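Single-letter residue listing:
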Amino acid sequence: MDASNHPASQPDRGRVLRAFNASLAFVFLLLVVFVSQPTLDVGALAVSPRDFGQWLGLLAAPLLHGSAEHLAANAGAILILGTLAGAVYPRATLRALPLLWLGSGLGAWLLGEAGSRHLGASGLTHGLMFMIAVLGLRRRDRASIAAGMIGFLFYGGMLLTVLPHEPGISWQSHLGGGLAGVLAGLLWWRADPLPPRQRYSWEDEEEEAMTLAARDAGELEPVAPREVPVLWQRPQPPSRGVVLRFTPRPRPGPPEE
């Protein structure tokens, strides 16, 4: 059977296209912000650890990038991971995005060094990667397992970049986004319905063969003794003796005088 002609393939193709377009639109937004950064006060819009006067960085920092290479790396991850998450888990992704966004900023705000500045969408990409991995392990349907394997194939190294490994890299925002992704996967793994399982002809043939084998095995097995019909009843033997009632004789009275 050609899967491209199957009716269920049309909605799936539409979901993939919508998820890709949304991810591409966000990448375009990042590009516009990056071009506009020379006119912006980047220091005031970045995350400043434990600075209670700069909460705006929690919202604006994922839109900022330090270099074109930084932007290109995050843009590729957003296109791949955003398309995977949006195509397989559209409802869970919409619910998780605010959590991933704030989680990456809170990780940098709580764990970053005083006086440092944290920016970039890498915390968001780590959140998407960890959410896809947790949803694949939690749901275990074909689409979820495939999405988890594709995500791990391209960005499995994110499991290590949540720890300190290179100076100048905000592992704190990676860790915050990753933890938010794990939490999102545990909270909303049932937000999207499980896809209908496609049944193949060879499964029907295998089930029919197992049914015939079970029936044949039941016919060759001897029947239980209590289920065997009784064709002849053994007659009861006649009684060998008769019990007679004994009446005692009257005793003679005393002689008369």
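Positions within a chain are numbered from 1, following the residues in the order the chain's sequence is written. Owing to the predicted nature of the model, reporting of local features is limited to residues with pLDDT of at least 70; listing and counting of side-chain atom pairs is limited to 80 or more, with chain, interface and lining totals taken over all residues. Each side-chain value is worked out from all heavy atoms of the structure, with water and hydrogens disregarded.

## Structural notes on the pattern of salt bridges
We define a salt bridge as a side-chain nitrogen of Lys or Arg found within 4 Å of a carboxyl oxygen belonging to Asp or Glu. Summed over the entire model, instances satisfying the criterion amount to 1 salt bridge. Ionic pairing is found between Asp 141 and Arg 139, a salt bridge with its closest N-O pair at 3.3 Å.

## Structural notes on helix 7 (residues 142–155)
Residue pairs three or four apart in sequence face the same way in an α-helix, which turns once every 3.6 residues. Put simply, DSSP marks the helices as runs of H or I at least four residues long and the strands as runs of E at least two long, and each gets a number from the N terminus on. In a helix, the anticipated span is given by 1.5 Å times the number of residues less one. Between its terminal C-alpha atoms helix 7 stretches 20 Å, which fits the 20 Å expected from 14 residues at 1.5 Å a residue. Exposure categories follow from relative accessible area, calculated using a 1.4 Å probe and restricted to protein chains: below 20% of the type maximum is buried, above 50% is exposed, and the middle band is partly exposed. Along helix 7, the positions that sit buried rather than exposed are Ser 144, Ala 147, Gly 148, Gly 151 and Tyr 155. Seen along its axis, helix 7 keeps its buried residues to an arc of 100°; they face one direction. Of the exposed residues in helix 7, the ones pointing more than 90 degrees away from its buried face are Met 149 and Leu 153. Residues of helix 7 that are buried make contact with helix 4 (68–88) and helix 6 (122–139). At the N-terminal boundary of helix 7, the capping side chain belongs to Asp 141, with an oxygen 3.2 Å from the backbone nitrogen of Ala 143. The directions considered for the arc are those from the helix axis to the C-beta atoms. The contact rule is simple, with two residues in contact once any of their heavy atoms fall within 4.5 Å. Pairs of N or O atoms are called polar contacts if they sit within 3.5 Å, as long as, within protein, a hydrogen donor faces a hydrogen acceptor (for residues adjacent in sequence, only side-chain-to-side-chain pairs).

## Considering the confidence of the model for the protein
Averaged over every residue, the pLDDT of the protein is 84; residues scoring 70 or more account for 74%. Values of pLDDT, ranging from 0 to 100, describe the predictor's confidence in every residue of the model. For residues 1–10, every residue scores under 50 in pLDDT, and the model assigns this stretch 6 contacts once sequence neighbours within four places are set aside.

## Concerning the packing of aromatic side chains
Ring pairs (aromatic) are described by centroid distance and by the angle formed between their planes. Between 30 and 60 degrees the pair is tilted, below 30 it is stacked and above 60 it is edge-to-face, where a pair is any two Phe, Tyr or Trp rings, Trp via its six-membered ring, whose centres lie within 6.5 Å. Per the stated rule, a full pass over the model turns up 5 aromatic pairs. Centre to centre, the rings of Phe 154 and Tyr 155 are 6.5 Å apart; their planes meet at 35°, and the pair counts as tilted. Exposure remark for Tyr 155: the relative accessible area of 19% places this residue in the buried category. Through a chain of ring-to-ring contacts, the aromatic side chains of Phe 52, Trp 55 and Trp 109 assemble into a single cluster.

## Regarding the packing of helix 4 against helix 7
Put simply, helix 4 and helix 7 touch, their axes get as near as 10 Å, and they point 170° apart. The pairing of helix 4 with helix 7 is recorded here as roughly antiparallel in orientation. Of the residues in helix 7, those in contact with Gly 76, Ala 77, Ile 80, Leu 81, Leu 84 and Val 88 of helix 4 are Ala 143, Ser 144, Ala 147, Ile 150, Gly 151, Phe 154 and Tyr 155. Here the residues of the contact of helix 4 with helix 7 are counted per class, giving 10 nonpolar, 3 polar and no charged. Where helices are involved, their axes are fitted lines through C-alpha atoms of the stretch in contact, as for all axes, and angles between N-to-C directions lie from 0 to 180°. Each angle is binned into one of four classes, with values under 35 degrees roughly parallel, values over 145 roughly antiparallel, values of 65 to 115 roughly perpendicular, and all other values oblique. Residues are grouped as follows: Ala, Val, Leu, Ile, Met, Phe, Trp, Tyr, Cys and Pro are nonpolar; Asp, Glu, Lys and Arg are charged; every other residue, Gly included, is polar.

## What to know about unusual backbone geometry
Where the residue is not glycine, phi is negative for most of them; where a peptide bond is considered, it is trans in most cases. Here Arg 50, not a glycine, exhibits a phi torsion of approximately 55°, which is positive. Structurally, the position occupied by Arg 50 is in the loop between helix 2 (42–45) and helix 3 (57–60). For Arg 50, a relative accessible area of 39% puts it in the partly exposed group. For Arg 140, which is not glycine, the phi torsion reads 60° and is therefore positive. Tracing the chain through its elements places Arg 140 in the loop between helix 6 and helix 7.

## Notes on the nonpolar core
Here, nonpolar core means buried Ala, Val, Leu, Ile, Met, Phe, Trp, Tyr and Cys residues that are tied together by side-chain atoms lying within 4.5 Å of each other. Core analysis: the biggest nonpolar cluster contains 30 residues, and Leu 81 and Met 131 have the highest contact counts within it. The residues touching Leu 81, leaving out its near neighbours within four places in the chain, are Thr 125, Leu 128, Met 129, Ile 132, Gly 151, Tyr 155 and Met 158. Grouped together as the second largest cluster of nonpolar side chains are 5 residues, Leu 58, Ala 61, Ala 108 and Trp 109 included.

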